[in-house]
Amino acid sequence: MKIAIIGTGNLGSSIAKGLINNKSFTSLYLADKNTANVDVYKTEDYVTVTNDNVLAVENSDMVIFALQPKHINAVLESVASKIRDKHIVISVAAGVEIPRIEGIIGNDKNIIRVMPNTAISIGKSMTCIAANEKAQDKVTLAQDVFNQLGTTLVIPEELIQAATVICASGIAFWMRLVRATTQGAIQLGFEAHEAHQLATQTCFGAASLLLESGRHPEQEIDRVTTPSGCTIEGLNAMEHQGLSSALIQGIVASFEKINQIKKN
């Protein structure tokens, strides 16, 4: 697959890193007016770093638009005449719905909306995918690419906004929980580097248990809580302070914000 990424900010450069690490292309064009994040890849085989969006589109089969919502209209308009039937157009712009893209390049084009997270740079992304009617038979190709960079789930487009919160914003939510655990460990007497290792590995272990066992979180909680024990004491204290409620409220607030972006 000949791939182009237009927009090489944090997410675009993360996708680029994941693709390059996995050699998931026959050629890769990385295009942006500021290529500082990807200049390191200039010496990679079959990788071209450029300021020319049109050049990137003309030399690709799959074009990934990794742009901020406020920039995507202008960029799409500038390359619309170069997008052919062969192209698979992928947008990772938060809040930008498929009809908005169709309105610029046409509903006769293959358009797929993809929402990964920054863990794509290490091949661990949770990526959600939705396609317009024209691109239904191209979804498998998108999965083939993004499955090399983590795990994919095909969903209706109306759920992409929610997926953005859970998967993309969710990285930040989990980082904050890990940070809090680290701070707690330091308060209990561990050095900062020790606390960080304890928190991150335990978080990784918890997620791995759920993924490999298929069990509900409460089942795993039951395995480590004993009557009158320290674990249930800690869990109850957290819930009294509103841990679950605060997390849910944060998710909902993030969802409401992304819906405001969609309307702009």
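Quick caveat, the model's predicted, so the values are computed rather than measured. (Residues numbered from 1 in each chain as written. Predicted model: local features only at pLDDT ≥ 70, side-chain atom pairs only at ≥ 80, totals over all residues. Heavy atoms only, no water.)

Colleague: Before we go on, may I ask you to explain the sheet that holds strand S6 (residues 110-115) in this structure?
Modeller: By definition, the strands of a sheet pair up through backbone hydrogen bonds, in either a parallel or an antiparallel sense. On the basis of which strands lie adjacent, the open sheet formed by eight strands has the order S3-S2-S1-S4-S5-S6-S7-S8 and mixed pairing. Strands at the two margins of the open sheet, each flanked by one partner only, are strand S3 (47-50) and strand S8 (150-154). Along the sheet, successive strands turn relative to each other by an average axial angle of 20°, direction set aside. Sheet contacts for helix H1 (residues 10-22): strand S1 (2-6), strand S2 (27-31), S3 and strand S4 (62-65); angle to S1, the most-contacted strand, approximately 155°. (Pairing = 2+ DSSP bridges. Helix = DSSP H or I, 4+ residues; strand = E, 2+ residues; numbered from the N terminus. Axes fitted to C-alpha atoms, helices over the stretch in contact; angles between N-to-C directions. Contact = heavy atoms within 4.5 Å.)

Colleague: Is there a simple way to think about helix H6 (residues 160-187) in this case?
Modeller: Since the α-helix packs 3.6 residues into each turn, any two residues three or four apart lie on the same face. Given a rise of 1.5 Å per residue, 28 residues ought to cover 40 Å, and the 39 Å separating the end C-alpha atoms of H6 matches this to within 8%. Looking only at H6, the buried set comprises Ile-160, Gln-161, Ala-163, Thr-164, Val-165, Cys-167, Gly-170, Val-178, Thr-182 and Ala-185. Downstream of H6 by a residue or two, Gly-189 has a phi angle that is positive, lying close to 120°. (Expected span 1.5 Å × (residues − 1). Buried < 20%, exposed > 50% of the residue type's maximum accessible area, 1.4 Å probe, protein only.)

Colleague: Just checking my understanding: could you explain the nonpolar core for this structure?
Modeller: For soluble globular proteins, the rule of thumb is that nonpolar side chains tend to be buried together. Counting 30 residues, the largest nonpolar core has Ile-5, Leu-19, Leu-28, Leu-30, Ile-64, Ile-90 and Ile-112 as its most contacted members. Not counting residues within four places of it along the chain, the set of residues in contact with Ile-112 comprises Ile-88, Val-89, Ile-90, Ser-91, Ile-129, Ala-130, Ala-131, Ala-135, Lys-138, Val-139 and Ala-142. Residues Ile-6, Val-57, Val-75 and Val-89 belong to the second largest nonpolar core, which totals 21 residues. (Core = buried A, V, L, I, M, F, W, Y, C linked by side-chain atoms within 4.5 Å.)

Colleague: Please clarify how unusual backbone geometry should be interpreted in this entry.
Modeller: One can expect most non-glycine residues to show negative phi and most peptide bonds to be in trans. For Tyr-46, which is not a glycine, the phi torsion comes out positive at approximately 65°. Owing to a relative accessible area of 63%, Tyr-46 belongs among the exposed residues under this scheme. With phi around 60°, Ser-228 is a residue other than glycine that occupies positive phi space. Tracing the backbone through its elements, the reader meets Ser-228 in the loop between helix H8 (217-224) and helix H9 (230-240).

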